[in-house]
Amino acid sequence: MPAPELTSSAADVVVIGAGAAGIGAGRRLLQAGRSFVILEARERIGGRAWTERVGGDPIDFGCGWLHSADRNPWVAIAESHGFAIDRRPPTWGVQAGGVGFKPGEEQDLQASMGRFFERLEAEDEDGPDRPAADLLEPGDRWSPLIDAVNTYVNGTELSKTSLRDYVRYADTDVNWRVPDGYGAVVAAHGRDLPVLTGCAVTAVDHSGRTIRVETTGGTVEARAVIVTLPPTLLAAGAVCFTPDLPDKREAAEGLPLGVADKLFLALDRPEELPAGHVFGRTDRAGTGSYHLKPFGRPLIEGYFGGTLARDLEAGGVEAFAAFATDELAGLFGEAIRGRLRVVAATAWASDPLARGSYSAALPGRADERARLAAPVDGRLFFAGEATSRHDFSTAHGAYRTGVRAAEEALAGLGPA
Ligand SMILES: Cc1cc2nc3c(=O)[nH]c(=O)nc-3n(C[C@H](O)[C@H](O)[C@H](O)COP(=O)(O)OP(=O)(O)OC[C@H]3O[C@@H](n4cnc5c(N)ncnc54)[C@H](O)[C@@H]3O)c2cc1C
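Calculation rules
Sequence order as written defines residue numbering, which begins from 1 separately in each chain. With the structure being a predicted model, the display of local features is reserved for residues of pLDDT at least 70 and the display and counting of side-chain atom pairs for 80 or more, all residues being used for whole-chain, interface and lining totals. What counts as a helix is a DSSP run of H or I of at least four residues, what counts as a strand is a run of E of at least two, and both are numbered from the N terminus. Our radius of gyration is a C-alpha quantity, and the globule rule it is checked against amounts to 2.2 Å times the number of residues to the power 0.38. Every C-beta atom is placed from the backbone, and the number of other C-beta atoms within 10 Å of a residue's own sets its class: buried at 20 or more, exposed at 12 or fewer, partly exposed in between. Throughout, a pair of residues is in contact if the C-beta atoms placed from their backbones lie within 7 Å. Note on definitions: a residue is near a molecule or strand provided its C-beta atom, placed from the backbone, lies within 6 Å of it. Residue polarity is assigned by list, with Asp, Glu, Lys and Arg as charged and Ala, Val, Leu, Ile, Met, Phe, Trp, Tyr, Cys and Pro as nonpolar; anything else, Gly included, falls into the polar class. The axes used here are C-alpha line fits, helices contributing only the stretch in contact, and every angle between their N-to-C directions lies in the interval 0 to 180 degrees. For any helix crossing, the convention is left-handed if the near helix is rotated counterclockwise from the far helix by under a right angle, and right-handed if that rotation is clockwise. An angle below 35 degrees is treated as roughly parallel, one above 145 as roughly antiparallel, one from 65 to 115 as roughly perpendicular, and anything else as oblique. By the convention used here, strands pair only if DSSP detects at least 2 bridges between them.

### Regarding the overall build of the chain
Then comes step 1: In terms of helices and strands, the chain carries 11 helices and 19 strands.
Then comes step 2: The C-alpha radius of gyration computed for the chain amounts to 22 Å, which stays within 12% of the reference 22 Å derived for 416 residues, consistent with globular compactness.
Then comes step 3: The buried share of the chain, taken over its 416 residues, is 50%.
Then comes step 4: The contacts of the chain with a sequence gap of at least 6 include a subset with a gap of at least 24, amounting to 74%.

Next up, the structure:
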């Protein structure tokens, strides 16, 4: 198929990337009445927000939870597009049926986890940085499972997570879902924006009076550019900037994307399993988190993070399925093996346009978020979840950074 062509060779603003951040920027620019175009390398919009209907049910391959839902802009946006919101609290704090735990153990885990988060909250967000693993109690039997939870939250183990960054993350502990898909909400909000999909930006030349953005579909000139590329791509130099931006590359290197992957299994005779959530194992960090029968559907949604997710990706869908089936058989008995069928699995670390799931600052590198977010010469602006100080790694954080970058660009452009 030939690459899509740009219909106009000039715009006030070019936005690179049509994920949650690019869509946030686009909505703000539309409201301001500016000429702009969003260039998206994929054949779809949404980026790491992505819902697909598989076997009739909408499935979120990327973001699924409206975190900090009581202050999350996507809630009102979803409702404005006619989406229903499931406001029931998540079940991830409880082991359905208590399987895999001996009597009293779940309470021990809750107490240990509670103390871990109390220590985290007691930290100063501008205090000295160190690995978040320093907050684990030496010899605590529950440390591996607390580490496992961190691989779901940050996509990486606590030893590779900046404590200062973790402390800065703001969470109201209100988590809701969209039965028809978070990714579908993000896509709906971008549908009427001027997005060119299948159009990858290859170079940005900001050495002249106007900025030249080179793409696989031609060149466009702009007065301002909003870059929403994941930090993995900036660090790898996937888009060539002239003059070069070594400062941005260095900042991005401190903000690698952790890995989180999902596996969806169809479940036969679902009435024989409780609904809710289970950890696959209680004694290791490399374990899955399984959501049983989400929205009452005959499905199991497995979630894997950190090194485990990376290793399973290397083995393909079969590796995810074998690992999850073994863990589920350990909890519910051997007979469950014959009742599971793979529906889909993600592979975000291998996705060339993401190279991971969400950003987690390396120990000592929390301040790179502000460095990455800083505009260059009042003409290049940076957005994307990794540039958010408090809401990084989320779709609402990404959206807000897009709006922020658009406002910075508008201020630089002056009156329309
Ligand atoms: C498995 C998983 C689970 C998650 N769970 C949650 C959750 O429950 N709740 C939550 O809030 N968040 C969650 N997230 C994180 C959330 O999805 C992301 O933080 C958010 O979607 C990132 O948006 P963004 O716009 O910053 O980046 P992206 O969505 O990555 O957007 C960047 C865009 O740039 C495009 N692009 C890349 N290179 C080029 C190029 N050269 N030219 C043009 N375009 C290019 C990409 O294709 C992409 O569309 C999850 C993510 C994953 C992967």
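So that's the structure; there's more coming.
### Describing the site of the ligand
Then comes step 1: Close to the ligand lie 42 residues, the nearest being Gly17, Gly19, Gly47, Cys63 and Thr394.
Then comes step 2: Elements supplying a minimum of two residues to the shell around the ligand: helix H1 (20-32), strand S13 (260-267) and helix H11 (395-413).
Then comes step 3: Across the shell around the ligand, the residue classes tally to 23 nonpolar, 14 polar and five charged.

### Regarding helix H6 (residues 182-190)
Then comes step 1: For H6, a buried count of eight out of nine residues is recorded, marking the element as mostly surrounded by other parts of the structure.
Then comes step 2: Residues of H6 that are buried: Tyr182, Gly183, Ala184, Val185, Val186, Ala188, His189 and Gly190.

### Some remarks on the packing of H1 against H6
Then comes step 1: The interhelical angle for the contact between H1 and H6, taken along N-to-C directions, is 30°, at an axis separation of 9 Å. Between H1 and H6 lies a crossing of left-handed hand. Judged by residue contacts, Ala20, Ile23, Gly26 and Arg27 of H1 engage Val186, His189 and Gly190 from H6.
Then comes step 2: In terms of residue class, the contact of H1 with H6 is made up of three nonpolar, three polar and one charged.

### Section: the packing of H1 against H11
Then comes step 1: Taken N-terminus to C-terminus, the directions of H1 and H11 make an angle of 40°; their axes are 6 Å apart at the nearest point. Our classification of the angle between H1 and H11 gives oblique. Of the two possible hands of crossing, H1 and H11 adopt the one that is right-handed. Contacts between H1 and H11 involve Ala20, Ala21, Gly22, Ile23, Gly24, Ala25, Arg28, Leu29 and Ala32 from the former and Ala395, Ala398, Tyr399, Arg400, Thr401, Gly402, Val403, Ala405, Ala406, Glu407 and Leu410 from the latter.
Then comes step 2: Looking at side-chain class alone, the contact of H1 with H11 contains 13 nonpolar, four polar and three charged residues.

### Overview of the environment of aspartate 126
Then comes step 1: Tracing the backbone shows aspartate 126 in the loop between helix H3 (105-122) and helix H4 (143-153).
Then comes step 2: Among the residues examined, aspartate 126 registers 11 C-beta atoms within 10 Å and is labelled exposed.
Then comes step 3: Here the alpha-carbon distance between aspartate 126 and methionine 113, two residues 13 residues apart in the chain, equals 23 Å.

### Some words on the pairing of strand S16 (residues 299-305)
Then comes step 1: S16 sits mainly inside the fold: seven of its seven residues count as buried.
Then comes step 2: The alternating pattern of S16 places Leu299, Glu301, Tyr303 and Gly305 on one face and Ile300, Gly302 and Phe304 on the opposite face, and all of these are buried.
Then comes step 3: In this sheet, S16 lies alongside S13 in antiparallel orientation, the contact comprising seven bridges. By the bridge assignment, alanine 260 is partnered in S16 with glycine 305.

### Let's talk about the sheet that holds strand S17 (residues 340-345)
Then comes step 1: In space, the five strands of this open sheet follow the order S14-S15-S16-S13-S17, with antiparallel pairing throughout. The strands lining the two open edges of the sheet, one partner per strand, are strand S14 (276-279) and S17. Taken pair by pair, the neighbouring strands of this sheet meet at an average axis angle of 25°, ignoring direction.
Then comes step 2: The pairing of strand S15 (residues 289-292) with S16 spans four bridges and is antiparallel. Across the sheet, residue serine 289 finds its bridge partner in S16, namely tyrosine 303.
Then comes step 3: Each of S13, S14, S15 and S16 touches H4; the most contacted strand, S16, lies at about 100° to it.
Then comes step 4: On top of the sheet, helix H9 (residues 306-332) reaches S13, S14, S15, S16 and S17; it is set at about 40° to S13, its chief contact.

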